[in-house]
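# Coordinate inspection notes
Residues per chain are reported as follows:
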Amino acid sequence: QRVGAFELLDCRLQRCERRSLSALPPSVSFLLHAMADASPTLQAVLFDHDGTLVDSEPVHLQLWQQVLAPLGVHLDTASYRAHRAGTPTPANAQVLVQRYGLKMSPAELTHAKHQATVRWLAERPFPLMRHAREVLQRLRDAGVRLAIVTGAEAAGAQRTLHGHGLEDVFEV
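Since the structure is predicted, the reported quantities are computational estimates derived from the model, not experimental observations.

### A closer look at the overall build of the protein
Secondary structure summary: the protein contains eight helices and two strands in total. Order of helices (α) and strands (β) in the protein, N terminus to C terminus: α-α-β-α-α-α-α-α-β-α. Relative to its 172 residues, the protein shows a buried fraction of 37%. If you take every contact in the protein between residues at least 6 apart in sequence, the share linking residues at least 24 apart comes to 69%. Surface accessibility of the protein: about 9900 Å² in total, with carbon and sulfur atoms responsible for 53%.

Now the structure itself:
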């Protein structure tokens, strides 16, 4: 079973605070005991935006499907997860144009996907990962400094922070 970044951070924090251990999933409890020698003091945590703070992949899949459908391309979930998830938009566009013989440049496809993302984010933020808000609060309560980093456009991260009322949680 895969343990997500938040569960690992939560586990570290739980180890430091030594409370609510019975509420942790078994996989996290196992990690808790395995981390007995880990440093109990966290000074700062950097959160990657996509895939760590927010569960953006289902949204990106949906947006790719919207952009590709008028071009006669169906991008199924299994294929996306196996080959495209987590890949920057320009790299995905390059592969998709080549694979499906699209009559547009990778730059044009990248632009179309970017515009779809901008429209989506204008209506709502990316959804937070499970336990994100809880972990952020525990880290803040413990005096841990928090920053958000992303390889994507800063506007998506800013929309996430604003849309979820987290503007004051992160220093950077």
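So, next bit.
### What about the side chain of Thr117?
With respect to the helices and strands, the residue Thr117 is situated in helix H6 (residues 106-123). Thr117 sits in the buried class, given a relative accessible area of 12%.

### A look at the packing of aromatic side chains
If you walk through the whole model with that rule in mind, you get two aromatic pairs. Taking the centre distance of 6.0 Å and the plane angle of 85 degrees together, the rings of Phe47 and Phe170 count as edge-to-face. On the criterion of sequence distance, the pair formed by Phe47 in strand S1 (residues 44-48) and Phe170 in the segment after helix H8 (154-163) is long-range, its members being 123 residues apart. As far as burial versus exposure is concerned, Phe47 and Phe170 are alike and both buried. Relative to Phe126, the ring of Trp120 has its centre 5.7 Å away and its plane inclined at 25 degrees; by these criteria the two rings are stacked. One exposure class covers both Trp120 and Phe126, and it is buried.

### A closer look at the environment of Lys103
As for its position among the elements, Lys103 is in the loop between helix H5 (89-100) and H6. For the pair Lys103 and Leu71, spaced 32 residues apart in the sequence, the C-alpha separation amounts to 8.7 Å.

### Side note on H8
Residues of H8 that are buried: Gly156, Ala157, Thr160 and Leu161. Down the axis of H8, the smallest arc covering the buried residues is 135 degrees, so these residues share one side. Exposed and facing more than 90 degrees away from the buried side of H8 are Gln158 and His162. The inward-facing, buried residues of H8 contact H6 and strand S2 (145-149). The first or second residue beyond H8 is Gly165, which carries a positive phi of 65 degrees.

### Points about the nonpolar core
Counting residues in hydrophobic clusters, the biggest one holds 35 residues, and the most contacted among them are Leu53, Trp64, Leu68, Leu109, Leu136, Leu146 and Phe170. For this core, the secondary-structure elements that each account for two or more residues are S1, helix H3 (57-68), H5, H6, helix H7 (132-141), S2 and H8. Sort the elements by how many residues they give to this core and H3 lands first, with six residues.

### Quick notes on H3
Along its 12 residues, H3 runs 16 Å from first to last C-alpha, staying within 8% of the 16 Å computed at 1.5 Å per residue. Within H3, burial applies to Val59, His60, Leu61, Leu63, Trp64, Val67 and Leu68. Check the buried side of H3 and you find it contacts helix H4 (77-84), H5 and H6.

Thresholds, definitions, all that
- Residues numbered from 1 in each chain as written.
- Predicted model: local features only at pLDDT ≥ 70, side-chain atom pairs only at ≥ 80, totals over all residues.
- Heavy atoms only, no water.
- Helix = DSSP H or I, 4+ residues; strand = E, 2+ residues; numbered from the N terminus.
- Buried < 20%, exposed > 50% of the residue type's maximum accessible area, 1.4 Å probe, protein only.
- Contact = heavy atoms within 4.5 Å.
- Areas by Shrake-Rupley, 256 points an atom, 1.4 Å probe, with all protein chains shown as cover.
- Phe/Tyr/Trp six-rings, centres within 6.5 Å; stacked < 30°, edge-to-face > 60°.
- Arc of directions from axis to C-beta.
- Core = buried A, V, L, I, M, F, W, Y, C linked by side-chain atoms within 4.5 Å.
- Expected span 1.5 Å × (residues − 1).

Functional significance is not addressed by these values, which are geometric in nature.
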